[in-house]
Amino acid sequence: MRETRAFKKATEEYMIIDEISMIAQQREEQMNKTIGTIEKKTRDVVSKLNAESIKEQINKYWNTITMGTTAIIIGTLYIMMTTGGTKESEKERKMRELLEECDEESRKVEEQKHQTKYCGIRNQGATCYLNSILQMMYHIKPFKESLFSIEARDGAPVRELQRLYADMHERQNKDMQATRRAVSTKKLIKSFGWTDEAAFIQHDIQELFQVLRNHLEEQFEDTLAEGGMDIFKGYEQTVLTSKRLKEPIRSSKIPFYELSIAIKNMRTLKEALHDYVRPTTIHDYTINGVKGEAKRGTQLIKLPKVLMIHLLRYEYIGGIKRKIHQPFNYGQTLLMDSQKQTNQRYTLYAVLVHQGSTADSGHYYCYIQAAKDKWFKFNDHRVSEATLEQATVDMYANFNAAPYMLVYVKEDAIENVLKPITHVPDHITQSSTCSIM
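Summarised in this report is the structure supplied together with it.

Conventions used here
Residues numbered from 1 in each chain as written. Predicted model: local features only at pLDDT ≥ 70, side-chain atom pairs only at ≥ 80, totals over all residues. Heavy atoms only, no water. Phe/Tyr/Trp six-rings, centres within 6.5 Å; stacked < 30°, edge-to-face > 60°. Helix = DSSP H or I, 4+ residues; strand = E, 2+ residues; numbered from the N terminus. Buried < 20%, exposed > 50% of the residue type's maximum accessible area, 1.4 Å probe, protein only. Expected span 1.5 Å × (residues − 1). Bend = angle between axes of the 7 residues up to and from the residue. Pairing = 2+ DSSP bridges. 1 Å grid on protein atoms, 1.4 Å probe; cavity = no way out; pocket = protein on both sides within 12 Å on 5 of 7 lines; lining within 4 Å. Points joined across faces, edges and corners; volume = space filled by probe spheres on them. Nonpolar A, V, L, I, M, F, W, Y, C, P; charged D, E, K, R; others polar. Arc of directions from axis to C-beta. Contact = heavy atoms within 4.5 Å. Salt bridge = Lys/Arg side-chain N within 4 Å of Asp/Glu carboxyl O.

**Quick look at the packing of aromatic side chains**
- Evaluation of the coordinates by the stated rule reveals 8 aromatic pairs.
- Centre to centre, the rings of Y118 and F378 are 6.1 Å apart; their planes meet at 65°, and the pair counts as edge-to-face. Linking Y118 in the loop between α6 (90-113) and α7 (128-138) with F378 in strand β13 (residues 374-379), this pair joins segments that are 260 residues apart in sequence. Across the pair, exposure class does not vary: Y118 and F378 are buried alike.

Take a look at the structure:
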């Protein structure tokens with residue numbers, strides 16, 4: 001498999017650059033880390049490479065590291081050279097100059113990459129998971145139209161989400177410098193009742209989607225606009241069969257907003273979805289007071305327009321939460337069956353990615369088909385052009401990167417889903433205040 005080879009190759013090639021990149025992540029996401037820790041880690045990494053090789057690695061793999069990485073290295077090298085009265089050697093001077101040159105070149109490349117009209121979202125500490133889910137929902141027209149139709153009270157999460165999306169819409173349609181186009185989620189976070197410290201605690205994307213859903217669902221019940229959370233809602237039921245039963249026993253319809261599927265030892269999305277509905281055998285199931293064999297499985301009754309598939313990428317081993325790194329194949333098109341209709345065609349709309357070696361650390365970003373056949377990478381405040389291949393078959397070329405949530409849209413609905421809205425209601429724009437902090 002191409003994915004497997006790419007993953008093995010990435011593991012070998014990206015080991016050193018990942019160490020460098022982790023320095024910046026730890027500095028940015030864990031403010032309580034001391035500069036001494038960063039200095040030690042940088043010293044360990046730098047000792048493995050000469051200056052030319054560092055420059056070559058950073059230039060070659062710039063897409064996998066953040067803008068601040070080079071600055072962190074340069075700053076730390078400066079501390080290493082100037083503390084304790086140590087005189088800068090010729091080798092150290094050359095290394096510093098090369099890194100500064102690399103940093104300047106990278107800034108120019110980065111600025112060019114981010115010249116898209118789309119609006120990024122600033123990371124408030126460790127809120128990359130929130131930014132990814134907000135971007136995914138923002139680019140779904142029916143959802144956004146329903147959201148804007150609600151009359152919500154000031155300070156409520158729904159109102160703050162309306163204001164955030166209104167700001168994004170306004171900035172997206174303005175001729176602004178890319179870095180100033182990004183918006184802040186501080187007011188939205190505050191509306192959840194979270195403290196400032198909570199912004200530095202990384203949460204799970206799927207859990208965050210549930211938090212947003214709980215705040216939004218009740219409000220959407222009062223609006224007549226199509227979309228809302230119903231665009232994500234499907235129905236399933238549990239089915240019990242046995243030779244001792246005349247007919248299968250079916251549970252009542254159970255709503256779902258995402259399918260959480262196991263991927264361990266699964267190679268493809270099709271295989272994992274088949275496993276999700278496959279009946280399991282119960283050897284001692286009691287029917288009419290008699291124990292015997294029965295089969296219990298899941299049946300999909302109705303599928304939503306926007307199908308969210310949560311990949312169970314974490315497992316507990318000996319009480320420790322671990323990340324499942326294995327490659328997992330998925331494609332642009334997905335065929336799904338339900339009780340009401342077979343061979344329903346879906347097309348890939350978004351891929352939410354976790355990059356990191358462990359379950360409780362790392363970084364989230366996403367790829368989104370924000371316009372028909374036009375893909376973009378939304379990485380906090382940075383938005384850059386991307387390709388379908390980057391979001392699928394080339395995913396594992398980025399060290400420790402793995403899809404965490406896949407979002408598919410029914411093929412006959414994709415055109416309407418991706419159509420941009422042209423107007424934000426006055427009751428939102430009049431109370432909306434832009435923020436870039």
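**Description of helix α11 (residues 205-220)**
- With 16 residues, α11 extends 22 Å between its outermost C-alpha atoms, agreeing within 8% with the 22 Å of an ideal straight helix rising 1.5 Å per residue.
- Of all the bends in α11, the greatest, near 30°, is centred on N214.
- Where α11 is concerned, the buried positions are I205, Q206, L208, F209, L212, R213, L216 and F220.

**Points about the pairing of strand β10 (residues 333-336)**
- Covered by surrounding structure in β10 are L334 and M336 only, the residues T333 and L335 on the alternate face being uncovered.
- Bridge count between β10 and strand β11 (residues 344-355): 4 bridges; the pairing is antiparallel. For L334, the partnering residue across the bridge sits in β11 and is Y346.

**Points about empty space enclosed by the protein**
- In the structure shown here, the tally under the stated rule is 1 cavity of 30 Å³ or more.
- Considering only enclosed or pocket space, the largest cavity measures out at about 30 Å³ in volume.
- What lines the largest cavity is simply P157, V158, L161, L188, F192, L212, H215 and L216.
- Secondary structure elements with two or more residues in the lining of the largest cavity: α9 (157-172) and α11.
- Residue composition of the lining of the largest cavity, grouped by class: 7 nonpolar, 1 polar and no charged.

**Observations regarding helix α12 (residues 269-277)**
- Every buried residue of α12 is listed here: L269, A272 and L273. Summarising the axial view, the buried residues of α12 lie within an arc of 100°, below the 170-degree limit, and thus occupy one face.
- Of the surrounding secondary structure, the elements contacted by the buried residues of α12 are β4 (259-262), β7 (306-312), β10 and β15 (401-410).

**Here we look at the pattern of salt bridges**
- Going through the model one piece at a time under the given rule, you end up with 8 salt bridges.
- A salt bridge links E160 to R163; the nearest nitrogen and oxygen atoms lie 3.0 Å apart. A residue pair is termed a helical-turn pair when its members lie 3 or 4 positions apart in one helix, as E160 and R163 do in helix α9 at 3 residues. Here E160 matches R163 in class, with each residue buried.

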